[in-house]
Each structure stands twice: as C-alpha cells, then as structure tokens.
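Listed below are the residues making up each chain.
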Amino acid sequence: MKPMRFSDDELKNYILQESADFNDYLFKEADTIRQYYYGRDVYIRGLIEFTNYCKNNCFYCGIRRDNTCVERYRLMPEDIMACCEEGYGLGFRTFVLQGGEDPYYTDDVICRVVSGIKDKYPDCAVTLSIGEKSYESYLEYYRAGADRYLLRHETADGAHYSRLHPAEMSLENRKKSLFNLKEIGYQVGSGFMVGSPYQTTENLIQDIRFLQELEPDMIGIGPYISHENTPFKGKENGTLAQTLKLIAILRCMFPYALIPATTSLGTIDPRGRELGLKAGANVVMPNLSPVGVRELYSLYDNKICTGDEAAQCRVCLEKRVESVGYKIVTARGDVKRFSEGDKK
Ligand code: 5AD
Ligand code: FES
C-alpha cells in the first residue's frame, strides 16, 4: 500500500470539508490503511513527566518559564526508576521521559537514567522528549541507549513559529534538531498543535509538507487548548473535528506512522481518544507519573488524568480502546516502515 499523495488544493479541500459523509469516508479509508499495517493493535507508551521546570517561554505552554503560578517539581532518577518498575508490571514496554527544558538534568544525569532503564529492562524502548539539545548531547543519549525522540516542530511556517515562540527560539533550530536526531539513528517523532493561535489552513498544509520532508516514524498532533496563565489566555481552542480530520489525512499519507490519540484530544472531548483511534491513530500514552505531581504538569487547562482516578489510566484506556474494537498490545511497538513489498 503506497502512501497517498495529495496536492495542496486537495488538502485544502479536505481540511475545509465539513460534510459528515465525506468525513466518514475519510475515516474509513484511514482505518483501512491503519489495519493493513498494524491490524487492530494499539501500542501503549508509559509517559513519565519528570520535570515541569522549563527554561523556555513558549507563549502557548502552561509550564513556560514566566508562569510563576506553577509549583515546580523534579523527579529524581530513583523516582523515575520506580515509575518504570510499576509500568513494567502493567505491561509497558516503552517509557517516554518527557520534561521541560530543565538544565538541572545534565547530559550525564540523562544518560545515567537512560542506561539505568535499559540495563534493567533490556526488552523496553526508551523515548526522550526533552527539547532542543546539541548534536553531541543527542549522540550521547543515543549511545546511552535511548531509542526514540519526540520533538514536535509545532508549526512549519517561520512567521507563525515566531508568533508562538519568543525571539530566542527559531524554526530553523527546531528543524535542525529533528534532522540531527534522524541522522544519529533515533526513531523520530514530530508533530504540531491543531488550531493554535494564528494558524491558517495554509500553515497546516506546510506542516504536512514538512513532515513529508522529515519522514518521521511518529507523528503526534493534538488540539491546542488555552492555558489561563499564558499570554494566549482566552484564545480559542482547536477542535475535535479538525484534529480527527488531520489524523485521518496523516494516516493516509504516512501509512506506516505511529500516531497517538493524545491526552489533549481526550481533554477536548471525553471520547476524543476513542474517536482518534477510529480516525487512524494507533498509539495511546497513558500517564505513569506519580499521581501527586500530575496536576503540576499542566501544559493546558483541564488536562485529564490528573486526579485520583488516574492511577488507573492503564485499565481505563484498555476499556476505551476495546470499546471501539481495537486492542492494546504489550510490545515495544517499533515503526513498521517497510512492510512486505511496500517500499516507497
Ligand atoms: N495545548 C495543546 N498542546 C500543547 N502543547 C504545549 N502546550 C499546549 C497547549 N496549550 C504540546 C506541544 C508540545 C507538547 C509536549 O505539548 O505541542 O510539543
Ligand atoms: Fe487516565 Fe482514563 S486514561 S483516567
């Protein structure tokens, strides 16, 4: 099955098309492609949000440096190991270490944590999601055993990028980081927010074109949700419908990709993640962080899975996934980029 190719005009049409018939058709098409590659399997990733300190000041993000209302926390290496231990018992074979860009965690500390996890759980994949670092740092983490790296590009349009980020950040640097990660050998994930402030349909098409250039293994997208202690307070949120549409388009164009039904999708709508799976997503990333700190990792308002019920995310998600006819599998869930005879 070849990746579908769409012209800019086609993409624009699809993105703007609101008819329910068309959307159903698109979701079915996406689901057929997903099932051809991945069957009804849904991969789980244990997400460990290990620090909410961040030296960056992205305008949309709740843990930005200038937000003085957040109580900051850091998990120590032994806390992170404890999360993995619990996660391993629950069937997780991928751990995603995500955090703000926090200089407290030097390259040595990150490498020690990564190699500690890989030594204890050699059958597991370790994914890092800790922002922009130098080529040398990325290389060190890779040598310590990190398998994958998530770094959303956020928007592929330079002007839009500078409306979402302060001047010290650049799209150029972000793109460079992504290509460095690929060159080193990581399985790379990128992606963007749907409905972020000032985003146009053209921007979304640029995002898709950038992804075609990068050829990432994972593509994470979710609706933008405004956070009250950011400069974007009160800005309109992205929608469920737009996000589902883009998931389906991405599945058609990137048949092999690992695409999560994200927490933000579950936040914007109680059935968002289930609908995301039906539109072509094939990954869920339940939270493995200690329940006591989950509320503090608030990138946006009303984030789900932060209360007491959230100790049970694994079970909760299992039921949700089954409710739409898929099944969670305990496997590392590496990308199936080239299935039999499917070379591009
Ligand atoms: N709404 C939705 N997603 C957000 N992210 C950050 N802030 C928000 C927000 N307000 C996303 C970014 C980042 C990922 C970890 O979370 O895309 O890369
Ligand atoms: Fe976290 Fe349902 S997935 S409580």
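Here we summarise the structure given alongside this text. For every chain, the first residue of the written sequence is number 1, and numbering continues from 1 onward in sequence order. Throughout, the order in which chains and ligands are written sets their labels, letters from A for the former and numbers from 1 for the latter. Local features in a predicted model are, by the rule used here, given only for residues with pLDDT of at least 70; side-chain atom pairs are given and counted only at 80 or more, and totals for whole chains, interfaces and linings are based on all residues. Only hydrogens and water are set aside when side-chain values are computed; all heavy atoms of the structure are taken into account.

Comments concerning the overall build of the chain
And step 1. Under the DSSP-based scheme used, a helix requires at least four consecutive residues in state H or I and a strand at least two consecutive residues in state E, with every element numbered from the N terminus. Across its full length, the chain carries 13 helices and 9 strands.
And step 2. The C-alpha atoms of the chain give 19 Å as radius of gyration, which agrees with the globular expectation for 344 residues (20 Å, within 12%).
And step 3. Structurally, the chain occupies a C-alpha span of about 50 × 40 × 40 Å along its principal axes.
And step 4. Residues counted as buried form 58% of the 344 residues belonging to the chain.
And step 5. Sequence separation of at least 24 residues holds for 76% of the intrachain contacts in the chain that already meet a minimum separation of 6.
And step 6. To be clear on the numbers: accessible area is Shrake-Rupley with a 1.4 Å probe, and residue cover counts the displayed protein chains and nothing else. Accessible surface for the chain amounts to roughly 14200 Å². Of this, 50% is attributable to carbon and sulfur atoms.
And step 7. Between the averaged position of the 44 positive side-chain charges in the chain and that of its 49 negative side-chain charges there is a distance of 3 Å. Only C-alpha atoms enter the radius of gyration; for comparison, a globular chain is expected to reach 2.2 Å times N to the power 0.38, where N is the number of residues. The classification of residues rests on relative accessible area computed with a 1.4 Å probe and restricted to protein chains. Under 20% of the type maximum is buried, over 50% is exposed, and intermediate values are partly exposed. It only takes one pair of heavy atoms within 4.5 Å for two residues to be counted as in contact. We count Lys and Arg on the positive side and Asp and Glu on the negative side, and we leave His and both chain ends out. Note that the charge is assigned to NZ on lysines, CZ on arginines, CG on aspartates and CD on glutamates.

Notes on the site of ligand 1
And step 1. As a structural note, the neighbourhood of ligand 1 is formed by Tyr60, Cys61, Arg152, Glu154, Met193, Pro223, Tyr224, Ile225, Leu299 and Tyr300.
And step 2. Any pair of N or O atoms that falls within 3.5 Å is considered a polar contact. Within protein, one atom must be able to donate a hydrogen and the other to accept it, and sequence-neighbouring residues count only if both atoms are side-chain atoms. Here a nitrogen atom of ligand 1 and a backbone polar atom of Tyr60 are 3.0 Å apart.
And step 3. One of the backbone nitrogen or oxygen atoms of Ile225 is found 2.7 Å away from a nitrogen atom of ligand 1.
And step 4. Considering ligand 1 on its own, with 400 Å² of exposed area, one finds that the protein chains cover 86% of that surface.
And step 5. For this classification, the nonpolar set comprises Ala, Val, Leu, Ile, Met, Phe, Trp, Tyr, Cys and Pro, the charged set comprises Asp, Glu, Lys and Arg, and every other residue, Gly included, is treated as polar. Taken together, the residues of the shell around ligand 1 break down into 8 nonpolar, no polar and 2 charged. Residues are labelled near a given molecule or strand when at least one of their non-hydrogen atoms is within 4 Å of it.

A short note on the sheet that holds strand S1 (residues 41-44)
And step 1. Here 3 strands make up an open sheet; going across it, the order is S8-S1-S9 and the pairing parallel. What marks the edges here is a single partner per strand, and that holds for strand S8 (283-284) and strand S9 (327-329).
And step 2. Two strands qualify as a pair provided that DSSP identifies no fewer than 2 bridges between them. Of the strand pairs in this sheet, S1 and S8 are connected by 2 bridges, and their pairing is parallel. Paired with Ile44 across the strands is Val284, a residue of S8.
And step 3. To define axes, lines are fitted to C-alpha atoms, for helices over the stretch in contact only, and angles between the resulting N-to-C directions are given on a 0 to 180 degree scale. Along the sheet, helix H13 (residues 313-323) makes contact with S1, S8 and S9, crossing S9 at roughly 135°.

Re the packing of helix H2 (residues 20-38) against helix H9 (residues 240-253)
And step 1. It is the contact of H2 with H9, at a shortest axis distance of 9 Å, that shows an interaxial angle of 45°. Between H2 and H9, the crossing angle belongs to the class labelled oblique. Regarding H2 and H9, the two cross each other, and that crossing is left-handed. Where H2 approaches H9, its residues Asn23, Leu26, Phe27, Glu29, Ala30, Ile33, Arg34 and Tyr38 are matched on the opposing element by Leu244, Lys245, Ala248, Ile249, Arg251 and Cys252.
And step 2. The residue inventory of the contact of H2 with H9, partitioned by class, reads 9 nonpolar, 1 polar and 4 charged. An angle counts as roughly parallel when it lies under 35 degrees, as roughly antiparallel when it exceeds 145, as roughly perpendicular when it falls between 65 and 115, and as oblique in every other case. The handedness criterion is simple: a crossing whose near helix is rotated anticlockwise from the far helix by less than a right angle is left-handed, and one whose near helix is rotated clockwise is right-handed.

Considering helix H5 (residues 135-143)
And step 1. By the burial criterion, the buried members of H5 are Ser137, Tyr138 and Tyr141. Down the axis, H5 shows its buried residues gathered within 100° of arc, on one side only. Turned more than 90 degrees away from the buried face of H5 sit Glu136 and Arg143, all of them exposed.
And step 2. The inward-facing, buried residues of H5 abut helix H4 (107-120), strand S4 (125-129), strand S5 (148-150) and helix H7 (171-184). Regarding the arc, it is the one traced by the directions from the helix axis to the C-beta atoms.

Some thoughts on the environment of Ala146
And step 1. With respect to the helices and strands, Ala146 occurs in the loop between H5 and S5.
And step 2. The buried category is assigned to Ala146, whose relative accessible area is 3%.
And step 3. It is 28 Å that separates the C-alpha atoms of Ala146 and Tyr300, two residues lying 154 residues apart in sequence.
And step 4. Ignoring sequence-local partners within four residues, the contact set of Ala146 consists of Val114, Val126, Leu128, Tyr141 and Tyr186.

So, the pattern of salt bridges
And step 1. A side-chain nitrogen of Lys or Arg and a carboxyl oxygen of Asp or Glu constitute a salt bridge if their distance falls within 4 Å. Under the defined criterion, the tally for this structure stands at 18 salt bridges.
And step 2. Arg209 is the salt-bridge partner of Asp8, the closest N and O atoms lying 2.7 Å from each other. With Asp8 in helix H1 (residues 8-16) and Arg209 in helix H8 (residues 201-214), the pair connects residues that are 201 residues apart, well separated along the chain.
And step 3. With a closest N to O distance of 3.5 Å, Arg93 and Asp123 form a salt bridge. Of the two residues, Arg93 sits in the loop between helix H3 (77-89) and strand S3 (94-99) while Asp123 sits in the loop between H4 and S4, which places them 30 residues apart along the sequence.
And step 4. Of the residues examined, Asp123 reaches a relative accessible area of 33% and is grouped as partly exposed.
And step 5. Look at the salt bridges and you will find they share partners, linking Lys118, Asp147, Arg148, Arg332 and Asp334 into a network.

Regarding the pairing of strand S2 (residues 46-51)
And step 1. Of all 6 residues that make up S2, 6 are buried, and the element is covered over most of its length.
And step 2. As paired elements, S2 and S3 share 5 bridges and run parallel to each other. Bridge pairing links Thr51 to Gly99 in S3.
And step 3. Looking down the strands as they point away from the viewer, one classifies a crossover as right-handed if the path from the first strand across the helix to the second runs clockwise. Handedness of the β-α-β unit built from S2, H3 and S3 comes out right-handed.

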